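Tertiary structure, described
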Amino acid sequence: MSIRLKLTLWYSGLFAIAFIVFGITVYNVVEHNTMSELRERLREVASKVQTSGGFFGEYNLDSTAPGFDASVIGIQLVDYRQRHAGIVLGKSRNMLLGVREITMPYPDQSEARERFTDASIHQTSFYIYEKPIYINGTKDIGGLLLVGANTDREQQFLSQLRGILWLSGGAALLAAFLLGMFLSRKALAPIDRVTDVAQRIQSGSELDLRIPRERADDEVGRLTDTLNGMLSGLEKAYKNLEETNAAQRRFVSDASHELRTPLTTIRGNVDLLEKIWAEQGDGDADNQAQGLSDADRRQLSLESIHDIADEARRMSRLVNDLLALARADAGYVVEMESLSLRPLAEEAARRASFLPRRAEWLVGPLEALNGVWVRGNRDYLLQLLSILIENGFKYTNEGSVRLYAARTGDYVGLTVVDTGIGLLPEHIPHIFERFYRADVSRGETAGTGLGLSIAKWIAELHHASIDVQSRPGEGSAFTIWIPVIPEQHDAIRG
Ligand code: ADP
């Protein structure tokens, strides 16, 4: 059953109960008033019928008492003195008129008492007042005075009232039902709209749809706000998921591509080696290799092996980088400790001094690092510095690469600055992307385009940021800003 119908039924039900209570009350009040007025009249007539003392002879049954209306009221006198069942002693004249004489029913002497009864005589309703008549000075009932009124008019009036109440009640109930339907439809219409939008979103991929907010601060308005908020969250999550998926697909395809290049070179060289060393005269497979002197063959082989070794190194570097990024994606938890930064920077500088390079390697000033501690992972921080330093060496043909430190507030900066090829401003925003290599470096220097992505991940792990300053042809400066922690005394040496 729909909420609309339920609401309407509840509403109509309550209305019907209220109306029934109202109708019964009105009817009872009206009936009571009508009948009590009649009772008063009957009592009054009864009291005026006896004109003087004595017993029956003194009754004037055609009373002219006020309230006596011969057209509706009749009087009857019953005598119990001869028979307990009583005999009718007299009647007012109006009861004797016409073809059908009227006799009001009366009880036995033993049951006679003052009371009002209803009776139907010749299909006419009567309301009768019975008043016992006592034998002089005793408590013995000798007779009964009946004053009855034709209540056809009253009954008709009450039955009309009942009819009116039923009719108006039915009409009001119908009106309440229709009004309830209309009101609940109006009240629930916004919910239908909400469902409508939700269904459209469910059936298509229209995640940017929002439910129009028409109402002020009512329940539906709040529901709309909540659902719209939820939809925004869903849309964002869905977009993030799509972006992540796309990035993942790009990453996998770039990685496969990068791995294929060294593999192709290695396979080519292995084929060449096979040809060079194939048995001489082994069919006509190798005309090229035939006729080579041993010295040539040795020379060619050495070159091939050299190529293979180079490519294998390149591949292992690439695989290591891919592994690091896979860990980053998997949310790899890195152990952190308090590290003294100066010894760490000196270690990085020492390792750098062994790297092949064309530029001069300079270290310092590092005084800003004295007594500076950070929270971090030693190996990862060394890797981060080594990525920046190696890049400096790779992209600097002459001049120098320098490592130095500076302090600003709660952050300490480690800068690797070079006098190398530099970067065009439009490349800078992309160099931290996976597999991104600025055009100038493509083909000229060996690299995977993954180093800075790893550097960025390590920096994020340490709540650090990397700042890049660069000018084409003049050089670049990469600065890692790491948050400083209060000086440690008994901590592990960094
Ligand atoms: P890779 O060096 O293996 O290409 P990176 O992620 O380390 O990959 O660097 C991405 C790109 O950023 C490099 O290809 C290069 O174009 C540019 N780059 C990085 N460091 C420097 C630098 N010190 N000077 C000039 N360009 C740089």
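I will try to describe carefully the structure that is included in this document. (Residues numbered from 1 in each chain as written. Predicted model: local features only at pLDDT ≥ 70, side-chain atom pairs only at ≥ 80, totals over all residues. Heavy atoms only, no water.)

Considerations on the overall build of the protein chain
So the rule is basically this: A run of DSSP states H or I qualifies as a helix once it reaches four residues; a run of E qualifies as a strand once it reaches two. Both are numbered from the N-terminal end. Each residue's exposure class comes from its accessible area (1.4 Å probe, protein chains only) as a fraction of the maximum for that residue type: buried when under 20%, exposed when over 50%, partly exposed otherwise. For every accessible area listed, the method is Shrake-Rupley and the probe measures 1.4 Å; residues are considered covered only by the protein chains on display.
Counting secondary structure elements, the protein chain contains seven helices and twelve strands. Out of the 494 residues in the protein chain, the part that is buried amounts to 37%. Accessible surface for the protein chain amounts to roughly 29,400 Å². Of this, 55% is attributable to carbon and sulfur atoms.

Side note on the layout of surface pockets
For the record, the criterion: The distinction between a cavity and a pocket rests on a 1 Å grid over the protein atoms alone: a 1.4 Å probe fits inside a cavity but cannot get out, while a pocket stays open yet meets protein on both sides within 12 Å along at least five of seven lines, and a residue with an atom within 4 Å of a point counts as lining. Grid points are joined across faces, edges and corners, and a volume is the space filled by probe spheres set on the points. Residues are sorted three ways: Asp, Glu, Lys and Arg are charged, Ala, Val, Leu, Ile, Met, Phe, Trp, Tyr, Cys and Pro are nonpolar, and all the rest, Gly among them, are polar. Residue ranges assigned to the domains are those given by an automatic or database domain assignment.
As a volume, the largest pocket reaches approximately 1,200 Å³. Together, 41 residues line the largest pocket, and Glu390, Asn391, Lys394, Ala446 and Gly447 are the ones closest to its centre. Sorting the residues of the lining of the largest pocket by element identifies α4 (294–329), α6 (378–394), α7 (451–461) and β12 (475–485) as the ones contributing at least two each. Of the residues that constitute the lining of the largest pocket, the class distribution is 16 nonpolar, 16 polar and nine charged. Two domains share the lining of the largest pocket, each providing at least three of its residues, namely domain 2 (212–332) and domain 3 (334–493). Of the voids in this model, the second largest pocket is the one considered here, and its volume is about 720 Å³. Lining the second largest pocket are 31 residues, and of these Phe432, Glu433, Arg434, Phe435 and Ser453 sit closest to its centre. Secondary-structure elements contributing two or more residues to the lining of the second largest pocket are α3 (219–277), α4 and α7. With ten residues, the single largest contributor to the lining of the second largest pocket is α3. When grouped by side-chain class, the residues that make up the lining of the second largest pocket number nine nonpolar, ten polar and twelve charged. Counting contributing residues per domain, the lining of the second largest pocket is built from domain 2 (212–332) and domain 3 (334–493), each supplying no fewer than three.

Description of the pattern of salt bridges
Side-chain pairs of opposite charge can arise whenever the charged atoms involved come near each other. Stated precisely, the cut-off is as follows: Any carboxyl oxygen of Asp or Glu that lies within 4 Å of a side-chain nitrogen of Lys or Arg is treated as forming a salt bridge with it.
This structure, assessed with the given rule, holds 13 salt bridges. Among the salt bridges present, the one from lysine 91 reaches glutamate 101, with a minimum N-O distance of 2.4 Å. Taken together, the residues span a long stretch of sequence, with lysine 91 in strand β2 (residues 87–91) and glutamate 101 in the loop between β2 and β3 (115–121) at a distance of ten residues. Its relative accessible area of 11% is what places lysine 91 among the buried residues. For glutamate 101, a relative accessible area of 43% puts it in the partly exposed group. The shortest N-O distance in the salt bridge between arginine 350 and glutamate 347 comes to 3.2 Å. Of this pair, arginine 350 and glutamate 347 are both found in helix α5 (residues 341–352), three residues apart, which corresponds to roughly one turn of the helix.

Let's talk about the packing of helix α2 (residues 152–203) against α3
Each pair of packed helices gets described by two things: the angle between the helix axes and the distance between those axes. Note the cut-off: Inter-axis angles, ranging from 0 to 180 degrees, are taken between N-to-C directions of lines fitted to C-alpha atoms, where helices are fitted over the stretch in contact. Orientation categories follow fixed angle ranges, with anything under 35 degrees roughly parallel, anything over 145 roughly antiparallel, 65 to 115 roughly perpendicular, and all other angles oblique. Working rule for contacts: check all heavy atoms of both residues, and any pair within 4.5 Å makes them a contact.
Viewed as axis vectors pointing N to C, α2 and α3 meet at an angle of 10°, and their least axial separation amounts to 10 Å. In terms of their interaxial angle, α2 and α3 are classed as roughly parallel. Seen from α2, the contacting residues are Pro190, Ile191, Val194 and Ile201; seen from α3, they are Val220, Thr224, Leu227 and Leu231. Partitioning the contact of α2 with α3 into residue classes produces seven nonpolar, one polar and no charged.

A word on the packing of α4 against α7
Going by this rule: A clockwise turn of the near helix away from the far one marks a right-handed crossing, whereas an anticlockwise turn of less than a right angle marks a left-handed crossing.
At a minimum axis distance of 10 Å, the contact between α4 and α7 shows a crossing angle of 35°. Handedness of the α4/α7 crossing: left-handed. On α7, the residues that touch Asp321, Ala324, Leu325 and Ala328 of α4 are Ser453, Ile454 and Trp457. In the contact of α4 with α7, the residues fall into five nonpolar, one polar and one charged.

Thoughts on the pairing of β3
For clarity, the cut-off: Note on pairing: two strands pair once DSSP finds at least 2 bridges between them.
Taken together, the seven bridges between β3 and strand β4 (residues 124–134) define a ladder with antiparallel strand orientation. For aspartate 118, the partnering residue across the bridge sits in β4 and is tyrosine 127. Where β3 folds back on β4, the antiparallel hairpin that results is connected by two residues, among which histidine 122 adopts a positive phi of roughly 45°.

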